[in-house]
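Summary of structural features
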2 protein chains.
Amino acid sequence: MPEGDAEGDFGDDVEARAEHGTHSDAEDDTETGAATENGTPTGGRTRRRGKALLDAIYTAAVEEAAVARGGRLTMDAIAKRAATARSTLYRRWNDPTDLLLDALADLHPVEQPAPGADDLRGDLTRSLRLMCDWAFSPAGRAVMAIVANPGRDSAAVEALYERVFAARGGTFTQTVLRHYAEHGHFDPARLTPVVVDLGEALVTKRMMDTGADPGDDYLAAIVDQAILPAIGLDPAH
Amino acid sequence: MPEGDAEGDFGDDVEARAEHGTHSDAEDDTETGAATENGTPTGGRTRRRGKALLDAIYTAAVEEAAVARGGRLTMDAIAKRAATARSTLYRRWNDPTDLLLDALADLHPVEQPAPGADDLRGDLTRSLRLMCDWAFSPAGRAVMAIVANPGRDSAAVEALYERVFAARGGTFTQTVLRHYAEHGHFDPARLTPVVVDLGEALVTKRMMDTGADPGDDYLAAIVDQAILPAIGLDPAH
DNA sequence: ATTATTAGCTACAGTCGTGTATCTTAAAGT
DNA sequence: ACTTTAAGATACACGACTGTAGCTAATAAT
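I will try to describe carefully the structure that is included in this document. (Residues numbered from 1 in each chain as written. Chains lettered and ligands numbered in written order. Predicted model: local features only at pLDDT ≥ 70, side-chain atom pairs only at ≥ 80, totals over all residues. Heavy atoms only, no water.)

Side note on the pattern of salt bridges
Residues and elements named next belong to chain A. In the structure shown here, the tally under the stated rule is 32 salt bridges over all chains. A salt bridge links Glu64 to Arg81, with the nearest nitrogen and oxygen atoms 2.7 Å apart. Placement of the pair is Glu64 in helix H3 (residues 50–67) and Arg81 in helix H4 (residues 75–82), with a sequence separation of 17 residues. With relative accessibility at 12%, the residue Glu64 sits in the buried group. You can call Arg81 buried: its relative accessible area is 6%. Each member of the salt-bridge network shares a partner with another, and the members are Arg129, Asp133, Asp213 and Asp216. (Salt bridge = Lys/Arg side-chain N within 4 Å of Asp/Glu carboxyl O. Helix = DSSP H or I, 4+ residues; strand = E, 2+ residues; numbered from the N terminus. Buried < 20%, exposed > 50% of the residue type's maximum accessible area, 1.4 Å probe, protein only.)

The structure is reproduced here in structure tokens:
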């Protein structure tokens, strides 16, 4: 399973930024007139309503889920990170997972690949790059925390797929593959569930093994060594 | 990402068994002379030493890690599941992760594929079946809980790879692929890190998406649609 | 039988997080 | 300006878990 050295871990960068954010608590804002969690100057005031409050809560939930040690998401931690009261959270959500699902649904849509006309290899590589960038975003990390946990709550996972992924129309690479198959570049019968999942599967596994972005060379290797052969366009032939 | 309905979740079966195990606490054993956690009759006694105690603790740690909701592993839960005192755990380990790593190292080795002479496709499929079976074992689940968590402890992951995986020599499919390449079935230059990781990556992702064993048909599809094309033996050609 | 070791039990003080209740008052609407 | 709404602050009781300490006696060795 392990190849190469771990260059860093999923959570290190976000953790550093998150610590900074957590540091500005309500009292500090009141005294110094500093900006709130989401960067909107509030003239020393701490109360927010409507979208500003929701944004702060959603951002906090996703960031907390992305970095929580032991994969544990708590109302208390979200509230602290959002610089808001727990009672405010409990007025709307029963538990942190409900909140996180709302947050993830709100943070959609994710940027989708925009395939061109005549660069299958390039478009595939770019779509994998998009996937990597998303996967290392707080939202991507939060999703991973939900999906990958063996003790996961199956209802939460189902809700995640219905509310967050259903709007997406499949994998990042699927959009590209379907486009080029429809334009006659290869036999559409090749687009099986296995083939559609290839790119993302390899990227996901690589990230789990190394804890780091796979890098553009590895993405290109995925395209050349796995995806293209699987659709009958093996560069080595 | 989602394909098909979730047939079950990672943790449901083990949880049912685990609940039963947890149910026989120390007092019950003392009163009824029932077997202890690991099935060894102790004539109504609760104290164990040496291997019997370690086995109980290791089994409990791995099972607990495999099912913990919210991904949280605690000394208290392990102690309860092992029907032993926390002080016993703290005498040897500082924290539950140290204990879990010792447990996983002890539970090795995992059964390895035994490739034959002339059935590449069958041997690949069987190796993926082995991987699935391991992945759904408590040890496999516990490993997943460590590796897949975005907020993971990088030191723990490194220790896991060094102490548990280093002894394994690569992926389940790698053993088979290397064997057949050495016997001239295909060009060994095809055995890149991407290709070696293909089978396990697809299985891992499938399990994450569905929460269930992928099934033999899907394993066969992985071999036919992804692995064989990647090594230049595309059945569709 | 005696001795050494340590498992298991219990207690303690402390932290973290939960879920709820209540109050003040900032923010928004009229 | 006045009214309504609900955000934020605070308190409470409780459970889970932590890490430690001390004691009894079961287990293993001699």
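Some remarks on the protein's contact with DNA strand D
Near DNA strand D there are 23 residues, and of these Arg47(A), Arg49(A), Thr84(A), Arg91(A) and Asp76(B) occur at the shortest range. Take Met75(B): an N or O atom from its main chain is 3.2 Å from a phosphate oxygen of DNA strand D. Residue assignment for the surface near DNA strand D shows that the elements contributing at least two residues are helix H5 (86–90) of chain A together with helix H4 (75–82) and helix H5 (86–90) of chain B. A per-element tally of the surface near DNA strand D places H5(B) first, with three residues. For the surface near DNA strand D, a count of residues per class yields five nonpolar, seven polar and eleven charged. (Near = heavy atom within 4 Å. Polar contact = N/O pair within 3.5 Å; in protein donor to acceptor, adjacent residues only side chain to side chain. Nonpolar A, V, L, I, M, F, W, Y, C, P; charged D, E, K, R; others polar.)

Comments concerning the packing of aromatic side chains
All names here are of chain A. One pass over the full model with this rule turns up six aromatic pairs over all chains. Taken together, a centroid distance of 6.3 Å and an interplanar angle of 40 degrees make the contact between Trp134 and Phe172 tilted. Of this pair, Trp134 sits in helix H7 (residues 120–135) while Phe172 sits in helix H10 (residues 172–182), and the two are 38 residues apart along the sequence. Judged by its relative accessible area of 1%, Phe172 falls in the buried class. A cation over an aromatic ring shows up here: Arg206 above the ring of Tyr218, its NZ or CZ 4.2 Å from the ring centre. (Phe/Tyr/Trp six-rings, centres within 6.5 Å; stacked < 30°, edge-to-face > 60°. Lys NZ or Arg CZ within 6 Å of the ring centre and 35° of its normal.)

Quick notes on the relation of the copies chain A and chain B
For the pair chain A and chain B, the superposition axis carries a translation of 0.1 Å, the fit reaches an RMSD of 0.1 Å, and the rotation angle comes to 180 degrees. Here the transformation between the copies is reduced to the relation of a two-fold axis. (Least-squares fit on C-alpha atoms with pLDDT ≥ 70 in both.)

A few points about helix H11 (residues 193–210) of chain A
Residue and element names in this part refer to chain A. With 18 residues, H11 extends 26 Å from end C-alpha to end C-alpha; this agrees with the ideal 26 Å at 1.5 Å per step. Maximal helix bending in H11 amounts to about 40 degrees, located at Gly199. Counted residue by residue, H11 has 17 buried out of 18 residues, so it is predominantly covered. Two residues or fewer past H11, Gly211 is found with a positive phi of approximately 70 degrees. (Expected span 1.5 Å × (residues − 1). Bend = angle between axes of the 7 residues up to and from the residue.)

Details of the protein's contact with DNA strand C
Around DNA strand C, the surrounding shell holds 23 residues, and the nearest of these are Thr46(B), Arg47(B), Arg49(B), Thr84(B) and Ser87(B). Within the backbone of Thr46(B), an N or O atom sits 2.8 Å from a phosphate oxygen of DNA strand C. Ser87(B) places a side-chain nitrogen or oxygen 2.6 Å from a base nitrogen of DNA strand C. Listing elements by their share of the surface near DNA strand C, those giving two or more residues are H4 and H5 of chain A together with H5 of chain B. Looking at the surface near DNA strand C, the element that brings in the most residues is H5(A), giving three residues. Here the residues of the surface near DNA strand C sort into five nonpolar, seven polar and eleven charged.

Considerations on the interface of chain A and chain B
Facing 56 residues of chain A, the contacting portion of chain B comprises 56 residues. The contact between chain A and chain B buries some 5000 Å² in all, and 57% of this surface belongs to carbon and sulfur atoms. In this assembly, chain A and chain B are joined by six salt bridges. Elements represented by at least two residues in the side of chain A that touches chain B include exactly H3, helix H8 (138–147), helix H9 (154–165), H11 and helix H12 (216–230) of chain A. A per-element tally of the side of chain A that touches chain B places H11(A) first, with 14 residues. Residue composition of the side of chain A that touches chain B, grouped by class: 29 nonpolar, 15 polar and twelve charged. (Contact = heavy atoms within 4.5 Å. Buried area = accessible area lost by both parts, 1.4 Å probe.)

A short note on the side chain of Thr192(B)
With respect to the helices and strands, Thr192(B) occurs in the loop between helix H10 (172–182) and helix H11 (193–210). A distance of 2.5 Å separates the side chain of Thr192(B) from the side chain of Gln225(A), its partner in a polar contact.

Remarks on the packing of helix H7 (residues 120–135) of chain B against H11(B)
Residues and elements named next belong to chain B. In the contact formed by H7 and H11, the axes pass within 10 Å of each other and the chain directions differ by 40 degrees. Of the possible angle classes, the one that applies to H7 and H11 is oblique. Along this stretch, H7 crosses H11, giving a crossing that reads as right-handed. When H7 is examined against H11, the residues Leu128, Met131, Cys132 and Ala135 are found in contact with a partner set consisting of Gly199, Glu200, Val203, Thr204 and Met207. (Axes fitted to C-alpha atoms, helices over the stretch in contact; angles between N-to-C directions. Parallel < 35°, antiparallel > 145°, perpendicular 65-115°, else oblique. Left-handed = near helix turned anticlockwise from the far one by under 90°.)

A few points about unusual backbone geometry
Residues and elements named next belong to chain A. Of note, the phi angle at Ala83 is positive, near 55 degrees, even though the residue is not glycine. Mapped onto the elements, Ala83 comes out in the loop between H4 and H5. The partly exposed category is assigned to Ala83, whose relative accessible area is 25%.

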